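Breakdown of the fold
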Amino acid sequence: MFYLLVNAVGLLVFIGLAVLFSKNRSKINWRSIAIMVVVNLVLAWFFTSFSIGRDMIDAAAGGFNELISVASVGIDFALKPTGAKLQGTFFTSVLLPILLVVPLFDILTYFGILPFVIKWLGKGLSKLFGQPKFESFFSIEMMFLGNTEALAVSALQLKKMKADRMLTLAMMSMSCVTASVLGSYTLMMPARYILTAVPINVINALIVTAILNPVEVSPEEDTIAKMGPAPAATEDIDSGSEVLAESEVKEAVVAKREPFFSFLGDSILGAGKLILIIAANVIAIVALAAMVDKLLGLINPWLSLEHILGIVMYPFAWLLGVGAHSFDLAQFMGTKLITNEFVVMGSVTNKISHFPEHYAAVLTVFLTSFANFSTIGMIVGCFKGMVSDDKSKVIAKNVGYLLLSGILVSLCSAAMVGLFVW
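Keep in mind that what you see is a predicted model, and the values were worked out from it rather than measured.

Reading guide: rules and limits
- Residues numbered from 1 in each chain as written.
- Predicted model: local features only at pLDDT ≥ 70, side-chain atom pairs only at ≥ 80, totals over all residues.
- Heavy atoms only, no water.
- Helix = DSSP H or I, 4+ residues; strand = E, 2+ residues; numbered from the N terminus.
- Buried < 20%, exposed > 50% of the residue type's maximum accessible area, 1.4 Å probe, protein only.
- Contact = heavy atoms within 4.5 Å.
- Areas by Shrake-Rupley, 256 points an atom, 1.4 Å probe, with all protein chains shown as cover.
- pLDDT = per-residue confidence, 0-100.
- Core = buried A, V, L, I, M, F, W, Y, C linked by side-chain atoms within 4.5 Å.
- Polar contact = N/O pair within 3.5 Å; in protein donor to acceptor, adjacent residues only side chain to side chain.
- Salt bridge = Lys/Arg side-chain N within 4 Å of Asp/Glu carboxyl O.

1. Some words on the overall build of the protein
- The helix and strand inventory of the protein stands at 21 helices and two strands.
- Looking at the protein as a whole, 50% of its 422 residues are labelled buried.
- The long-range share in the protein, meaning contacts at least 24 apart out of those at least 6 apart in sequence, stands at 78%.
- Accessible area for the protein stands at about 19,100 Å²; split by element, carbon and sulfur atoms hold 68% of it.

The following block contains the structure:
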């Protein structure tokens, strides 16, 4: 009971930190915030405490498992030695299935199925929560597509948007998780908590950014442009207005669709690049972390990157109600923020089944997002390539808010799910 109370207080503290660092507390829409918090708590309760909710999550996890098993057919065909069994590694078991999942989601996009789902889910969230239409739309979009991909297909909208609204989108992008890597996550961590975290993260991204960066959106601005690339434009950083020739807009919106097999080939190549990017980052980051640990060990054998990060994140870990596991959780949390979620998932995948249920749930939910330092660079670079220099500088000047948003969303999601798992 004590740690349940600590967990509940922790959630209030995390929301309080968002209020403390808010850019304009007087503009916070508390009615909307209260509705979103209640809905998210109900979702966390439903998915973790009711058999029908757990069955839904298990069904979704089963679907991803089937995808992975289908992907393994192609992987075995290409890599398995004749007459031998292919030994599973991080690369073959976790990364290579992305070669199937990414093209699958791209095919759903090509035929308009995924944009239809994103559009109507986004509109539903906007009406329910009282948040601007595009922010709600974007929260769903980034859940399926990832941060840079969601920003890329929303470029037409970004060209029309005020800089302070764009900052909200950049902050939300820190908390996304691409559907195409969920299958990889479920191979390393408890699938039921991975898939519970996804919708919880979506709503918490709206909650945290609506507190940290409350922006008033007029009815004229509260629109959703069609998904697609944006042409060059003359923009006003304050008003969000732009000068676009009518022919350019029509060309951007009504683009000629690429032949399917050409599109599919590009999608597969893109998936291959994604695998190489993740693999390169994981190898380099793990090696660099090991090098830092060796240098720190020369100063004092106790010193390591994990221990330092554990001290920094310890108060937040303790507020999640994990008791004696607080320092271990703090180290995993800090490592994830400095490196990425794959590094931590890979290090605990063989141990997590022995963790207490509450600890396993909290850790898994915290890890289920792209919130880390390297993501900041990706987001800033993405905006710099799509909008005017003045607007991109607004994003670059607020990288602290991007990181704070990502951390608070992960903490709030972990706390909400943790309330109902003991």
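Continuing now.
2. Digging into the confidence of the model for the protein
- For the protein, per-residue confidence averages 81 on the pLDDT scale, and residues scoring 70 or more make up 86% of the total.
- Confidence scores differ between elements of the protein, with strand E2 (residues 242–243) showing the lowest mean pLDDT of 43 and helix H18 (residues 357–367) the highest of 95.
- Contacts for the low-pLDDT stretch residues 227–254, under 50 throughout, to residues beyond four places or in other chains number 60 contacts.

3. Remarks on the nonpolar core
- Membership of the largest hydrophobic core comes to 115 residues, with the highest contact counts inside it found for Leu-363 and Phe-383.
- At 16 residues, the largest contribution of residues to this core is made by helix H12 (residues 191–212).

4. Quick look at the side chain of Ser-304
- Within the fold, Ser-304 resides in the loop between helix H14 (260–299) and helix H15 (305–318).
- Of the residues examined, Ser-304 reaches a relative accessible area of 13% and is grouped as buried.
- Polar side-chain contacts of Ser-304 include one of 3.2 Å to the backbone nitrogen of His-307.
- In contact with Ser-304, not counting residues within four places along its chain, are Asp-293 and Leu-296.

5. With respect to the pattern of salt bridges
- Under the criterion given, the structure shown has two salt bridges.
- In this structure, the salt-bridge partner of Glu-135 is Arg-165, at a minimum N-O distance of 2.7 Å. With Glu-135 in helix H7 (residues 133–145) and Arg-165 in helix H10 (residues 163–173), the pair connects residues that are 30 residues apart, well separated along the chain. We note that Glu-135, like Arg-165, is buried.
- Here Glu-357 makes a salt bridge to Arg-192, at a shortest N to O gap of 2.5 Å. With Glu-357 in helix H18 and Arg-192 in helix H12, this residue pair connects regions lying 165 residues apart in the sequence.

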